[in-house]
Amino acid sequence: MLLMIMPCNAEPRGVSFSDYEIYSLSDYKTQAKPDKSVLKPSPRNAINDEGMGGFFISNTADKMEPGQMVLSSRYKYHELTSSRGTSFHSTESGSVSSFETSINWVGDWAEWAITVPLHKWELSAPRTFGGYASENSGLGNMKLGWKATYLRDHSYYRFAYGAMMSITTGNPDRMLPAGSKNSDELKLFGCVTTNETDRASANLELGTIIDSEGEDDRFLYRLGMSYEATEHASIIGEIAGEVLGGDDKDTLDLVIGIRLAPTSTLTLELAYYRNLRTYRLYGWDDQLQAGYTLKW
């Protein structure tokens, strides 16, 4: 640092620091540290259907700003068309409307989340379900989630891992057509998110779901891509599958959608699901989703 000492006047007097002024040629302004994070914030950063940071379904290793609360809600609608891979008869039909609300707390090293779903369904499939024709509405199975986000950045990717518990709440028997189950489930997962280009990122999630009754234990995989079309819009595509065992007992869904971030705290989303393979008790072909994520 270069210093210049200048006398305040030219008259010879006793030396005093008050007689001098010190000038510095260095800049005392605090320089902001460059953002060295591999995964930059973008419109893709929002809450998934498990209440944690991710794409529409997948968990990702993206980090949200710590010390904030995140609120997210999603509306989903699909028509029921099959059971265990067998299509309904032509005279049978049904539909499910779901409204999910998630609250996520972002800590310094992890996320904690809770998701509460409300469902409304109607079903008229007497030949498939032996006289089953009814409708109902109420609380579905709540989800409690935790995801570790403290793992360091690598050259172009980041890892994360976590767990999610699905708890039987309300009356699960009355919400079976909406996807609720009579048993608790524990999901253990790990994911890696990579920075492919300045605008594109990829994500892979692998995990297992352990059923409390030991009947529906299964392996899951999620593969997703995100492209930042503009500063405020991200296009997201996902492949989401679950494998129960042999004999084609698996599901596979294709998801494509867009997230819009008009501000740094609000994200809007719209997604379309297409079922490619199904082994659901109450199966569907297409699903629509709309929602938002609000950070504060």
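Keep in mind that this is a model prediction, so the values were computed, not measured. (Residues numbered from 1 in each chain as written. Predicted model: local features only at pLDDT ≥ 70, side-chain atom pairs only at ≥ 80, totals over all residues. Heavy atoms only, no water.)

1. Notes on the pairing of strand E18 (residues 283-295)
Pairing of strand E5 (residues 68-83) with E18 involves 11 bridges; the strand directions are antiparallel. Looking across to E18, one finds that Leu80 is bridged to Trp284. In this structure, strand E17 (residues 266-277) lies alongside E18, joined through 9 bridges in antiparallel fashion. Note that in E18 the partner of Leu268 across the bridge is Tyr292. (Pairing = 2+ DSSP bridges. Helix = DSSP H or I, 4+ residues; strand = E, 2+ residues; numbered from the N terminus.)

2. Some remarks on the confidence of the model for the chain
As a general rule, the predicted coordinates of low-pLDDT regions are not to be interpreted in detail. Within the chain, residue pLDDT values average 88, and 86% of them lie at 70 or more. This model gives residues 1-6 a pLDDT under 50, and the stretch forms 18 contacts once residues within four places in sequence are excluded. With pLDDT under 50 throughout, residues 23-35 is counted as low confidence; its partners more than four residues away or in other chains account for 12 contacts. (pLDDT = per-residue confidence, 0-100. Contact = heavy atoms within 4.5 Å.)

3. With respect to unusual backbone geometry
In the Ramachandran plot, Arg84 falls in the positive-phi region, its phi being about 55° despite a non-glycine side chain. Relative to the elements of secondary structure, Arg84 occurs in the loop between E5 and strand E6 (86-87). Take Arg84: its relative accessible area is 41%, and that puts it in the partly exposed class. (Buried < 20%, exposed > 50% of the residue type's maximum accessible area, 1.4 Å probe, protein only.)

4. So, a nonpolar patch on the surface
Taken together, the side chains of Tyr227, Ile235, Ile256, Ile258, Leu260, Leu268, Leu270, Tyr272 and Leu288 make up a nonpolar region of the molecular surface, amounting to roughly 790 Å² of accessible area. Breaking the nonpolar patch down by element, the ones donating at least two residues are strand E16 (250-260) and E17. Judged by relative accessible area, which is 32%, Ile258 ranks as partly exposed. (Patch = residues over 30% accessible without salt bridge, like charges linked within 9 Å, V, L, I, M, F, W, Y side chains within 5 Å. Areas by Shrake-Rupley, 256 points an atom, 1.4 Å probe, with all protein chains shown as cover. Salt bridge = Lys/Arg side-chain N within 4 Å of Asp/Glu carboxyl O.)

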